[in-house]
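As a plain string of letters, each chain reads:
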Amino acid sequence: MIDALAYSVIAVAGVAVIWGIVTAITNKPPGKAQLLYAAGVEVVTVVQSIIAIAKIIGGFRPAELATTIGYLIGIVILIPIAWLWANVERNRFSGIVLSLAALAVLAMTLRLLMLWIPAG
Amino acid sequence: MTGVQAEPTGSAGRRTNSGAGRVLIAVYGIFALAATARASVQLLTRFDEAPLAYLLSALAGLIYIVATITLARDTPASRRLALIAIIFELIGVVMVGTLSLLYPEAFPRATVWSLYGIGYGFVPLVLPILGLAWLWHTRPHAS
């Protein structure tokens, strides 16, 4: 994990969480900018997972190797699924669905920061 | 297209997979993923450490998967299955929560339901209640 990148993921995901709540409160479906932003959060998340897996292949061994790999893979599928699910029926609840996925990405990144300690 | 299919919901009931139901299903989906992934890692790498806790994690994951799919499908049959799954979920979280409180030594490793789901902000305890409320709210009206 790169701390700066992880904190960036946490920050951009946090904005996505709030954005989804705002559109839900104002009773609007997520707009195009919001959907593009969610895609952007996904890109940063994927980059983070690729770098972390590259570091593991390169020899870094986190104490909880299987759990860490599970998190690195699981974290990248949340937003795409939420995106599809949010677009089937577009209303205020679509924004909440996107918020939930972003919240999960945020929480999993925090957990990854804790998991990223060398074995031994 | 699979040809002619019956209207999913029948008569006047509301759909489980519409409106706020989509948020509920999203939460179930996240828990299905979390519990199943956690159980898989635990069962594959450290089964001997806490077999009971890990098997309960796997059971929890299975129940979340069934609830997610059945709520999303919303046919009369899937609605019944959802009800069964969510009742099991409620029993599971209350039972495992209580047992892990009374007999912590039987649960040396956490499951999603340990201490009523404290590791997940108690969402596992609230979720089945919301699920049952949602099934009630969307129940088909008897003719």
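Analysis parameters
Residues numbered from 1 in each chain as written. Chains lettered and ligands numbered in written order. Predicted model: local features only at pLDDT ≥ 70, side-chain atom pairs only at ≥ 80, totals over all residues. Helix = DSSP H or I, 4+ residues; strand = E, 2+ residues; numbered from the N terminus. Rg over C-alpha atoms; globule rule 2.2 N^0.38 Å. Contact = placed C-beta atoms within 7 Å. pLDDT = per-residue confidence, 0-100. Buried ≥ 20, exposed ≤ 12 C-beta atoms within 10 Å, placed from the backbone.

**Quick look at the overall build of chain A**
Okay, step 1: For chain A, the helix and strand inventory stands at 4 helices and 0 strands.
Okay, step 2: Counting from the amino terminus, chain A carries its helices and strands in the arrangement α-α-α-α.
Okay, step 3: Relative to a compact globule of 120 residues, whose C-alpha radius of gyration would be 14 Å, chain A shows 15 Å and is just as compact.
Okay, step 4: If you line up chain A on its principal axes, its C-alpha atoms span 50 × 25 × 20 Å.
Okay, step 5: Taking the intrachain contacts of chain A between residues at least 6 apart in sequence as the baseline, contacts between residues at least 24 apart amount to 82%.

**A look at the confidence of the model for chain A**
Detail in the predicted coordinates should be disregarded across regions flagged by low pLDDT.
Okay, step 1: Here chain A averages 95 in pLDDT, while 100% of its residues score no lower than 70.
Okay, step 2: Of all helices and strands in chain A, the one with the weakest mean pLDDT is helix α3 (residues 65–88) of chain A (95), whereas helix α2 (residues 32–57) of chain A scores best (97).

**Section: the confidence of the model for chain B**
All names here are of chain B.
Okay, step 1: Summing up the model confidence of chain B, the mean pLDDT is 87 and the portion of residues at 70 or higher is 90%.
Okay, step 2: Low pLDDT, under 50, characterises residues 1–12; the predicted model gives this stretch 13 contacts beyond four residues in sequence or across chains.
Okay, step 3: Across the interfaces of the predicted complex, the ipTM metric reaches 0.92, alongside a pTM of 0.89.

**Observations regarding the environment of Tyr 37 of chain A**
Residue and element names in this part refer to chain A.
Okay, step 1: Position of Tyr 37 relative to the elements: it lies in helix α2.
Okay, step 2: In this structure Tyr 37 comes out as partly exposed when scored by C-beta crowding, with 18 C-beta atoms within 10 Å.
Okay, step 3: In this structure, the C-alpha to C-alpha distance between Tyr 37 and Ile 25, residues 12 residues apart in sequence, is 19 Å.
Okay, step 4: Every residue in contact with Tyr 37, bar those within four places of it in the chain, is listed here: Ala 16 and Trp 19.

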